[in-house]
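Survey of secondary and tertiary structure
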Amino acid sequence: MKTGIVLALCVVSALAGPEEDIWLKFNKLRPADLEGYEVPDFEGRIIGGSEVDIANFPYQLSLRHNGDHICGASVISSNWALSAAHCTVSPVTVSSASLRGGSTSRLTGGIIFAVAQIINHPQYNANAIDNDVSVLRPTTSFAGTNISPITIVPAGTSFAGGTRSVVSGWGLTSPGGSLSTNLQAVDIPVVASATCREQWGASRITDTMICAGEPGRDSCTSDSGGPLVTGGRQFGIVSWGSAQCGGNLAGVYANIGASAIRSFISSNTGV
């Protein structure tokens, strides 16, 4: 039986430098209190995936705090980006936040967009990691080479277990290494809610969450806030999961099709 969530802020033996130290502060997820579970050396990368070209993921953004990559995000219209609330709460502010778009690299190229407004879901619960969604408005419209919005699913949309999807982001290429320079993505299946609740405990998986992943294929901590996509539509936002990324427990995503998530996005962005 799995009880109570402990947010694993520092499950790391040694990272490569100050940017990784900064990044860890904004990826406060990954329950590490499973019965008989020992926290491993930090793993923070797309698991089982491969390097991809931003031209095929033009909606992907790098969310940055004081110039350092902290999370993923996605373009959902010319004037709005979508991310996870756990990535955009204090100390992130409009003056410290920025978004890089149009570049496979998280370090160079593309366009840096300053942020004019951040709105976190008013019912975001940091303890349960529930309603884990935020929207960001740039000071100038999203435009440029390899920058374009992705369609998000309407309220009430659901997907059967086994539906193939793609999650993308930047992360470590090896435990204790450095964040990936180039964008990575992996194909993963949706995990049925009943199965996910059996894995995590019924009380942990709410209607604002959807699960995906399989052993050896998963998102991981540095991918927080990034998009989960199927059929050219985004239906999830990387939220939380096991510290043992790519293990037997499904990764958990904010469920864009849930009315509480979708109505928040629509009422604030018009999308």
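Residues numbered from 1 in each chain as written. Predicted model: local features only at pLDDT ≥ 70, side-chain atom pairs only at ≥ 80, totals over all residues. Heavy atoms only, no water.

Here is the rule: UniProt positions are given in the numbering used here, feature names are shortened, and annotations may be inferred rather than shown by experiment.
The name given to the chain in an unreviewed UniProt entry is Putative trypsin, with the source organism recorded as Aedes albopictus. We quote the UniProt Sequence similarities (unreviewed entry) comment for the chain here in full: "Belongs to the peptidase S1 family. CLIP subfamily."

1. Focus on the pattern of salt bridges
How we decide: When a carboxyl oxygen of Asp or Glu lies within 4 Å of a side-chain nitrogen of Lys or Arg, that pair is called a salt bridge. Only DSSP runs of H or I covering at least 4 residues are called helices, and only runs of E covering at least 2 are called strands; the numbering of each starts at the N terminus. Whether a residue is buried, partly exposed or exposed follows from its accessible area with a 1.4 Å probe, protein chains only, as a fraction of its type maximum: under 20%, in between, or over 50%, in that order.
Enumeration according to the criterion identifies 3 salt bridges in this entry. A salt bridge links R164 to E214; its shortest N-O distance comes to 3.3 Å. Taken together, the residues R164 in strand β9 (residues 164-169) and E214 in the loop between β11 (209-212) and β12 (227-230) connect sequence positions 50 residues apart. Overall, R164 belongs to the partly exposed group, its relative accessible area being 37%.

2. Describing the environment of I119
Within the secondary structure, I119 is located in strand β6 (residues 111-120). When the C-alpha positions of I119 and T269 are compared, they lie 9.9 Å apart, and in sequence the two are 150 residues distant.

3. A closer look at the pairing of strand β13 (residues 233-240)
Defined as follows: Think of it this way: DSSP has to see at least two bridges between two strands before they count as a pair.
Counting buried positions along β13 yields 7 of 8 residues, so the element is predominantly enclosed. When strand β8 (residues 151-152) meets β13, the two strands line up parallel, connected through 2 bridges. Within the sheet, the bridge partner assigned to I152 lies in β13 and is Q234. With 4 bridges joining them, β12 and β13 adopt antiparallel strand pairing. Across the sheet, P227 pairs through a bridge with I237, a residue of β13. Here β12 hands over to β13 after 2 residues, with G231 in that stretch at a positive phi of 60°. Strand direction decides the pairing type here: β13 and strand β14 (residues 251-255), joined by 4 bridges, are antiparallel. Paired with V238 across the two strands is Y253, which belongs to β14.

4. A word on helix α3 (residues 193-200)
Definition in use: Working note: the arc is built from the helix axis to C-beta atom directions. Should any heavy atoms of two residues lie within 4.5 Å, those residues are counted as being in contact.
Burial in α3 covers these residues: C196, Q199 and W200. Projected down its long axis, α3 shows its buried positions confined to an angular sector of 80°, all on one face. Counted as exposed and oriented over 90 degrees from the buried face of α3: A194 and E198. On its buried side, α3 packs onto β10 (184-191), β11, β13 and β14.

5. Thoughts on the nonpolar core
Basically, it comes down to this: Within this scheme, the nonpolar core is defined by two criteria: the residues are buried Ala, Val, Leu, Ile, Met, Phe, Trp, Tyr or Cys, and they are joined through side-chain atoms within 4.5 Å. An automatic or database domain assignment provides the domain bounds reported here.
Core analysis: the largest hydrophobic core is formed by 43 residues, its most contacted members being L82, L99, F142, Y253 and I265. In terms of residues, this core owes the most to one element, strand β3 (residues 68-77), which gives 5 residues. Shared between two domains, this core takes at least three residues from each, and those domains are domain 1 (57-149 + 261-269) and domain 2 (163-257). Contact partners of L99, with chain neighbours within four places excluded, come to L61, S62, L63, A73, A81, I111, I112, F113, V115, L136 and F142. Within the second largest apolar cluster, 11 residues are counted, among which are C196, C211, W240 and A250.

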